[in-house]
Amino acid sequence: MDPWWIDAIKGFLIINIVLVCFAYTTWLERKLLSRMQGRFGPNRAGPFGLLQPIADLVKLVRKEAFMPMSASAKLYIAAPILSTFTALLAFAVIPFGAGWHIWKWDVSGVVVDAPISLVLIFALGSLGVYGFIIGGWASDSKYSTLGAMRTCAQLVSYEVSLALAVLGVVIQAGTLNLSEIVHQQGTQFWFFGPQFVGLVVFFLAGTAETSRPPFDLPEGDTEIVAGYHTEYSGMRWGLFQMSEYVHMITLSALGVTLFFGGWHGPWAPLGPLWFFLKLLVVVFLFIWMRASLPRLRYDQLMRFGWKILLPVATLNAFITALVVVAVN
Amino acid sequence: MSLLAVTAVGNVLVWAVWVLAVATCIGTGLLVVTRTNPFHSALALIGNLGSLAVLYLLLSSEFVAAAQVLVYAGAVMVMFLFVIAYLGGKADAPWIGGRTWHQAASAVAGLAILVNVLVAIGMAAGGSLKHEAQLDQVFGSPSEIGRLFLTDHLLAFEVTSIVLLIAAVGGVVLGSHARRSEAEDAAALAAGEQV
């Protein structure tokens, strides 16, 4: 058990690292999209445009924070705060290292090591939806409300498949603790092998859950302007963007933890560095999908979620349970 | 710091959290029934369910607390907000009164809860609610809850699953009925145009 101040330092560090990761994910996304589309992308601020996220931040903070006359002020302001808060909180239970012995303290490689950390992530995710719904509703604009309702329907539909996809790993590992799941992958083959179907469902449902293309209907700009954040500007809009990117990073980290052995690596025991490299690959996949796939139609999205993804995820969990019982 | 002092600090913290959770629970409960805007009422209900989760946490059932947030404060209340936003929410007049039997039924339900609370207070004052038990490590853990569901409370568990299945089938039936009447309307419209 760490003393409380070690937890505080770890929490502070992780939040700031995640925020830097968010800033440079936006840079990476713009750069990669541009290269895939035969453009250069941001290349004015600093070498390779590396200072672009900082320039963006300065611009967003200085921009006028507009609010519609008929908006419900308190909820309108609270919504982006709520969604960023829940998004950042979820990273607390993700293990990033095996733990170290520094001077006379044992420091574990996770901020909060809860026995039910996986359920905690899903609980936070289900609260995070409220930021989007409240923001869309409080703006008192047709486009925002439509976007909020799309978000609502999509996230609720795909949350089920996401949870069921994870269930296979939970049954096989026999625990809901993420550190324990990673420890088990140190002694046996990583779970992406036996749980390959689970991984595919997890990745697809996760893309929908984070509203990434091709599942970005909540903010389909050809149909509903920008969805729930149509009426937001300045850093309030920035907070919504932040929560979306942090959701993506957290989900990628969860995927790495559950299916790709977390901080374990094939050769050198580099710990957090392996974790970071794997995270980068998954984030790259998300960006690649955005560059190559067109957006789904809304009925296609619902049909895919309920009629294909959910049955496959259920079958996977069922078969895993049968196999585990048969083997033991 | 001595062990005694640590326990004392811990106890004060537990009390502080308990008072905060209970105050939030009662406050948001009042907001649910006093707000005129249904969207605000639903938000207050989320706060109410969330503070209940904190109370479960204090009773050392972490899993039940997380499930409460995940299922009730999360999934169920999203549906409430969805429907309220779908029906307009802010523009709607608040629900006032209703039919006489509605009012009578709510009065009876309120009275029943009041009696319940009074009996509980009376029993607590009489000392008949004082059971002390040592909680072991597995108490409230997911595996222990799963074991209880599939052994001691199997019948209740299965009956619940049937009730949920009926609700799901009902949803599908209602949905397909709506689609059929839409198709009939379209056919009638086409026939009308031909005439």
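Before any of the text, the structure's been laid out above.
For the structure given in this document, a descriptive report is provided here. (Residues numbered from 1 in each chain as written. Chains lettered and ligands numbered in written order. Predicted model: local features only at pLDDT ≥ 70, side-chain atom pairs only at ≥ 80, totals over all residues. Heavy atoms only, no water.)

Considering the overall build of chain B
Phase 1 of the analysis: In terms of helices and strands, chain B carries 6 helices and 0 strands.
Phase 2 of the analysis: The order of α-helices and β-strands along chain B, N terminus first, is α-α-α-α-α-α.
Phase 3 of the analysis: When each of the 195 residues of chain B is scored for burial, the buried share is 16%.
Phase 4 of the analysis: For chain B, the share of sequence-separated contacts (at least 6 apart) that also reach a separation of at least 24 residues comes to 57%.
Phase 5 of the analysis: Carbon and sulfur atoms provide 73% of the accessible area of chain B, an area that totals close to 14,300 Å². (Helix = DSSP H or I, 4+ residues; strand = E, 2+ residues; numbered from the N terminus. Buried < 20%, exposed > 50% of the residue type's maximum accessible area, 1.4 Å probe, protein only. Contact = heavy atoms within 4.5 Å. Areas by Shrake-Rupley, 256 points an atom, 1.4 Å probe, with all protein chains shown as cover.)

Section: the nonpolar core
Phase 1 of the analysis: Formed by 64 residues in total, the largest nonpolar core has its most connected members in Leu118, Tyr158, Leu178, Phe202, Leu254 and Leu258 of chain A.
Phase 2 of the analysis: Here the element with the most residues in this core is helix 9 (residues 234-259) of chain A; it accounts for 11 residues.
Phase 3 of the analysis: Every residue in contact with tyrosine 158 of chain A, bar those within four places of it in the chain, is listed here: Ala205, Ala208, Glu209, Phe215, Leu301, Phe304, Gly305 and Leu309 of chain A.
Phase 4 of the analysis: Core analysis: the next-biggest nonpolar cluster, separate from the first, contains 30 residues, Phe132 and Phe240 of chain A together with Leu43 and Ala73 of chain B among them. (Core = buried A, V, L, I, M, F, W, Y, C linked by side-chain atoms within 4.5 Å.)

Quick notes on the pattern of salt bridges
Phase 1 of the analysis: Following the criterion strictly, the structure yields 7 salt bridges over all chains and no others.
Phase 2 of the analysis: Arginine 30 of chain A serves as the salt-bridge partner of aspartate 56 of chain A, at 3.1 Å between the closest nitrogen and oxygen. Here arginine 30 of chain A lies in helix 1 (residues 4-36) and aspartate 56 of chain A lies in helix 2 (residues 52-62), a separation of 26 residues in the sequence.
Phase 3 of the analysis: Overall, the relative accessible area of 37% leaves arginine 30 of chain A in the partly exposed class.
Phase 4 of the analysis: Here arginine 147 of chain B and glutamate 144 of chain B are joined by a salt bridge, their closest N and O atoms 3.3 Å apart. (Salt bridge = Lys/Arg side-chain N within 4 Å of Asp/Glu carboxyl O.)

A few points about helix 1 of chain A
Phase 1 of the analysis: Compared with the 48 Å implied by 1.5 Å per residue over 33 residues, the 47 Å span of helix 1 of chain A between its first and last C-alpha is a close match.
Phase 2 of the analysis: Glycine 38 of chain A lies just past helix 1 of chain A and shows a positive phi near 70°. (Expected span 1.5 Å × (residues − 1).)

Let's talk about the packing of helix 2 (residues 38-58) of chain B against helix 3 (residues 62-86) of chain B
Working note: a packed helix pair is described by the angle between its axes plus the distance between those axes.
Residues and elements named next belong to chain B.
Phase 1 of the analysis: Interhelical geometry of helix 2 versus helix 3 gives an angle of 175° and a closest axis separation of 8 Å. Viewed along their axes, helix 2 and helix 3 adopt a mutual orientation that is roughly antiparallel. Two secondary-structure elements touch here, helix 2 through Pro38, Phe39, Ala42, Leu43, Leu45, Ile46, Leu49, Leu52, Ala53, Tyr56 and Leu57 and helix 3 through Glu62, Val64, Ala65, Gln68, Val69, Tyr72, Ala73, Met77, Phe80, Leu81 and Ile84.
Phase 2 of the analysis: Looking at the contact of helix 2 with helix 3 residue by residue, the classes come out as 20 nonpolar, 1 polar and 1 charged. (Axes fitted to C-alpha atoms, helices over the stretch in contact; angles between N-to-C directions. Parallel < 35°, antiparallel > 145°, perpendicular 65-115°, else oblique. Nonpolar A, V, L, I, M, F, W, Y, C, P; charged D, E, K, R; others polar.)

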